[in-house]
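# Residue-level structure breakdown
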Amino acid sequence: MKANVWMGRNHLEIQDVPDPQILNARDAIVRVTSTAICGSDLHLVDGYIPTVKKGDVLGHEFMGEVVEVGSGVRDLHVGDRVVVPFPIACGACFACEEGLYSVCENSNPNAGIAEKLMGHAPAGIFGYSHMLGGFPGGQAEYVRVPFADVGPIKVEDDLPDEKVLFLSDIFPTGFMGAEMCDIKPGQTIAIWGAGPVGQFAAASAFLLGADRVIVIDRFPYRLRRVQRTGAEVLNYEEVNVLDALRDMTGGRGPDACIDAVGMEAHHPTPAMYAYDRAKQAARLETERPYVLREAIMACRNGGVVSVIGVYGGFVDKFPMGTVMNRSLTIRTGQCHVQRYTEPLLQRIRRGEIDPSFVISHRMPLSKAPHGFELFKNKQDECNKVVLTP
Amino acid sequence: MTDKFARALGWTSLALGAAQLAAPRAVTRLCGVDDAPGATTVARLVGGRELLHAALLLGAKNPARWAWTRVAGDTMDLGVLGKAAANRTGSRRIRVLAALGAVAGITALDVACARGGTAKAKGPLQVRASITINKPREEVYRFWRDLENLPSFMVHLDSVRAIDQRRSRWKAKGPIADLEWEAEIIDERAGDLIAWRSVPGTGVSTAGLVGFTDGPGGRGTVVDVSLEYGAPGRKLAAAVARMFGEHPEQQVRDDLRRFKQVMETGEVVRSEGSPEGHRALRQLHQRPAQPIGGRA
Ligand SMILES: NC(=O)c1ccc[n+]([C@@H]2O[C@H](COP(=O)([O-])OP(=O)(O)OC[C@H]3O[C@@H](n4cnc5c(N)ncnc54)[C@H](O)[C@@H]3O)[C@@H](O)[C@H]2O)c1
Ligand SMILES: [Zn+2]
Ligand SMILES: [Zn+2]
């Protein structure tokens, strides 16, 4: 089959690889009908997530049709149409019972590696490094899906792929980002990053009752897109974000701040950017944490900083003093997608939201490397790329 | 004594790490791998790792135990350099081989130190690990008590056959030759603990104790395992096993992770990168994360 394969930093190739086969009794094989490129994939391609290996198949946002099931799968049948959550979860461990699917205790066969780097191991993730399991991803014609009767959600044919595909990751992720803010009526939420994740966070903040949402980015075409959700916008290349947020919130600061950018943030001051960029290149720190720093500084006293942008390792110059002295709460995590698929599918059915609003590009899987180029460099007003095998 | 030795190793790590971070090119040139793409990145990563060792060895209360982290690191380096030597010729090859020799020497020191730390004055080798399993105590106990189940999660065991209620025959894959011995249960309290030891004179000298207690708040079962190895031949066997990245402690921990998977999900979880499930050796030498193939 054809698959999008990581061959080194900034080097992707469409290659012929073997078809997947059942390895565990609770596996299913899914024929992919739609898959997408995510901001998280960029961290892999840019080489900032450790333990990616030449030959790895990428992709963690996908859906399709079940073509084979293992002997231990009960609730899924050949022919079912499913959307697959990106974290792999067993459904039976302590974490899964608590709804903390992205830290499932059983789904990462390389827990030993992850443990050395992080203390304890998170769940396995499709196409997302060996530290997170060594599972092939979904930018391919077929994928093996472990614990097939836990994660995948069945969807009737009446909803097209484009409306439900993002239940695999970015809609639940944006939603969780907003949910972690504990939004109360009248509140103002600030979101860094007007990428697809930031856009879903903005839409979700309104769904959860936010009064105002302010989104920060530098690409006018993305800011225009997010304005359609009803959000106000700030271009951080034109204004001082901290001053602007202070002014917009009566001097108090936003009630909660969402980091939807993560480890590869950009900084408008060339000197500051060069400083962290150089440290990151020398692997002295693994992140460029401007957004995290800024979100912490901006948040009102006693507010919540909700981090859904991905971080991989160690952050430098972390303003712990302001977190502590101003009673801030930091909440974060890879999205516990399985928790949200069902309720969010209902919201789509009820017409509260149509997730396809984020799509800007559609192309065949064979063009995946080109799609990555556009998405990474924000060319051609690229917002979200959907690939079809 | 061993701890002093360990702290010295910690200072060495600090110096090495600092050098690799400050001048990665010089380090890769010295080792003859400066022609490899990404060599300086690897050198920096290794440098970062050395700083971690330094922090562990210099900061810990009983640092000798942490020398194992250096052994693991050494094993990684030996693998990388071994591969590099195979791919090179001429003066580069000589430099790589020299680096390989140096690392092998350091590994020997680290193993000596770490074993000193683990064995504490040449006693038998003891390892301990524990895990929480989301199943009732009775069920977890019963699965383990049927010793014939053990090979389903202890990958080094080929088979265990019960001879009678107390005695059993064990077969294992050794690093050099296969091992076979007889074991007997020396204590058992239903639902609480099982203790066993090898019958003297049957080839291997080992003993084990596994305890089962209710998890916090009555949720699940905490499984505590202690193992002891004392065979005369175990020195060599254990050293070789370690050379291949399977520190006994890690082995037991991986066994317990597999045990948990079997109890909670029905079987050992496999990925294309780690088709056998948790294994230290496999974690160092991953397959790429792409389908395995081979079936028509
Ligand atoms: N937690 C999870 O489960 C989860 C799931 C999916 C994605 N993510 C993460 O969410 C993040 C965003 O993903 P995406 O797909 O939207 O990526 P994206 O690259 O499309 O969007 C990132 C946006 O951040 C903007 N940005 C960069 N620096 C900024 C700054 N200093 N201030 C404000 N905005 C800035 C960029 O201009 C870009 O528009 C990534 O880190 C991704 O890994 C997390
Ligand atoms: Zn994603
Ligand atoms: Zn689980």
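Residues numbered from 1 in each chain as written. Chains lettered and ligands numbered in written order. Predicted model: local features only at pLDDT ≥ 70, side-chain atom pairs only at ≥ 80, totals over all residues. Heavy atoms only, no water.

Turning to the overall build of chain A, a few remarks are in order. Counting secondary structure elements, chain A contains 13 helices and 18 strands. Taking 389 residues into account, the globule formula puts the C-alpha radius of gyration at 21 Å, and chain A, at 20 Å, falls close to it. The dimensions of chain A, computed from C-alpha atoms along their principal axes, are 60 × 50 × 45 Å. Here chain A, with 389 residues, has 61% of them falling under the buried criterion. When contacts within chain A are restricted to residue pairs at least 6 apart in sequence, long-range pairs at least 24 apart make up 71% of them. For chain A, the exposed area adds up to about 14,100 Å²; of that, 51% sits on carbon and sulfur atoms. (Helix = DSSP H or I, 4+ residues; strand = E, 2+ residues; numbered from the N terminus. Rg over C-alpha atoms; globule rule 2.2 N^0.38 Å. Buried < 20%, exposed > 50% of the residue type's maximum accessible area, 1.4 Å probe, protein only. Contact = heavy atoms within 4.5 Å. Areas by Shrake-Rupley, 256 points an atom, 1.4 Å probe, with all protein chains shown as cover.)

Residues and elements named next belong to chain A. In this fold, Q187 is placed in the loop between α5 (170–179) and β11 (188–192). Among the polar contacts listed, one links the side chain of Q187 to the backbone nitrogen of K184, at a separation of 3.0 Å. Beyond its immediate chain neighbours, meaning those up to four positions away, Q187 contacts D182, A210, D211, R212, D255 and R300. (Polar contact = N/O pair within 3.5 Å; in protein donor to acceptor, adjacent residues only side chain to side chain.)

Here the structure, examined in full by the defined rule, presents zero disulfides over all chains. C181(A) forms no disulfide, and the closest cysteine sulfur to it belongs to C257(A), at a distance of 8.1 Å. (Disulfide = S-S within 2.5 Å.)

Moving on, we come to the coordination of the zinc ion (ligand 2). Around a metal, the perfect tetrahedron of four donors has angles of 109.5 degrees, and the perfect octahedron of six donors has angles of 90 or 180 degrees. All names here are of chain A. Protein ligation of the zinc ion (ligand 2) involves C38 (SG), H60 (NE2), E61 (OE) and D169 (OD), the donor distances falling in the range 1.8 to 2.7 Å. The site at the zinc ion (ligand 2) holds four donor atoms, and with the angles between them running 80 to 135 degrees, its shape is irregular. Taken in chain order, the donor set of the zinc ion (ligand 2) reads C-x21-H-E-x107-D. The same class applies to H60 as to E61, namely buried. (Donors = N, O, S within 2.8 Å, 3.2 Å for Na, K, Ca; no water. Tetrahedral: all angles 85-135°; square planar, octahedral: opposite > 155°, others 65-115°.)

Moving on: the side chain of E287(A). Residue and element names in this part refer to chain A. Here E287 is to be found in the loop between α9 (270–281) and α10 (290–298). In this structure, E287 is buried with no salt-bridge partner, the nearest side chain bearing the opposite charge being R288 at 9.6 Å. Among the polar contacts made by the side chain of E287, one reaches the main-chain amide nitrogen of G312 at a distance of 2.9 Å. One polar contact links the side chain of E287 to the main-chain amide nitrogen of G313, over a distance of 2.5 Å. (Lys, Arg positive; Asp, Glu negative; His and termini not counted. Salt bridge = Lys/Arg side-chain N within 4 Å of Asp/Glu carboxyl O.)

Residue and element names in this part refer to chain A. Looking at the assigned domains, one finds that chain A contains domain 1 (2–169 + 335–388) and domain 2 (171–332). For domain 1 and domain 2, the distance between their C-alpha centroids amounts to 25 Å. Across the boundary between the two partners, domain 1 contributes 34 residues, which contact 27 residues of domain 2. Between domain 1 and domain 2, the buried area comes to about 2,800 Å², and carbon and sulfur atoms account for 61% of it. (Domains from an automatic or database assignment. Buried area = accessible area lost by both parts, 1.4 Å probe.)

The next subject is the pairing of strand β2 (residues 12–16) of chain A. With five bridges connecting them, strand β1 (residues 2–6) of chain A and β2(A) associate as antiparallel partners. Looking at β2(A), one finds that K2(A) is bridged to D16(A). (Pairing = 2+ DSSP bridges.)

The subject of this paragraph is the site of ligand 1. All names here are of chain A. The environment of ligand 1 is made up of 32 residues, and the closest members are S40, D217, V261, H266 and C335. A distance of 2.9 Å separates an oxygen atom of ligand 1 from a polar backbone atom of G39. A distance of 2.7 Å separates an oxygen atom of ligand 1 from a polar backbone atom of C335. At the level of secondary structure, the elements contributing two or more residues to the shell around ligand 1 comprise α1 (39–45), α6 (196–207) and β12 (212–217). The leading source of residues in the shell around ligand 1 is α1, at four residues. Along the lines of polarity and charge, the residues of the shell around ligand 1 split into 17 nonpolar, 11 polar and four charged. Each of domain 1 (2–169 + 335–388) and domain 2 (171–332) gives at least three residues to the shell around ligand 1. (Near = heavy atom within 4 Å. Nonpolar A, V, L, I, M, F, W, Y, C, P; charged D, E, K, R; others polar.)

Every contact between the two is made by 45 residues of chain A and, on the other side, 33 residues of chain B. A combined buried area of about 3,300 Å² lies between chain A and chain B, and 49% of that area is made up of carbon and sulfur atoms. Considering only the side of chain A, the residues that lose the most area to chain B are Q21(A), N106(A) and P109(A), jointly responsible for 17% of the buried surface there. Counting across the chain A and chain B interface gives six salt bridges. The residue R257(B) makes a salt bridge to E115(A) at a minimum N-O spacing of 2.8 Å. Linking chain A with chain B are 27 residue pairs in polar contact (both at pLDDT 80 or more), by the criterion used here. Residue assignment for the side of chain A that touches chain B shows that the elements contributing at least two residues are β4 (56–57), α2 (94–97) and α3 (111–118) of chain A. Broken down by class, the residue content of the side of chain A that touches chain B amounts to 20 nonpolar, 11 polar and 14 charged.

What follows concerns the pattern of salt bridges. Taken as a whole and assessed by the stated rule, the structure comprises 42 salt bridges over all chains. Residues E97(A) and R219(B) are paired through a salt bridge, measuring 3.0 Å at the closest nitrogen-oxygen approach. Of the two residues, E97(A) is situated in helix α2 and R219(B) in the loop between β6 (206–214) and β7 (221–229); the pairing between them involves two chains. On the basis of relative accessibility, which here comes to 48%, the residue E97(A) falls in the partly exposed class. One salt bridge connects R167(B) with D164(B), and the closest N-O pair in it is separated by 3.4 Å. Taken together, the salt bridges that share partners define one network made up of D164(B), R167(B), R169(B), E180(B) and E182(B).

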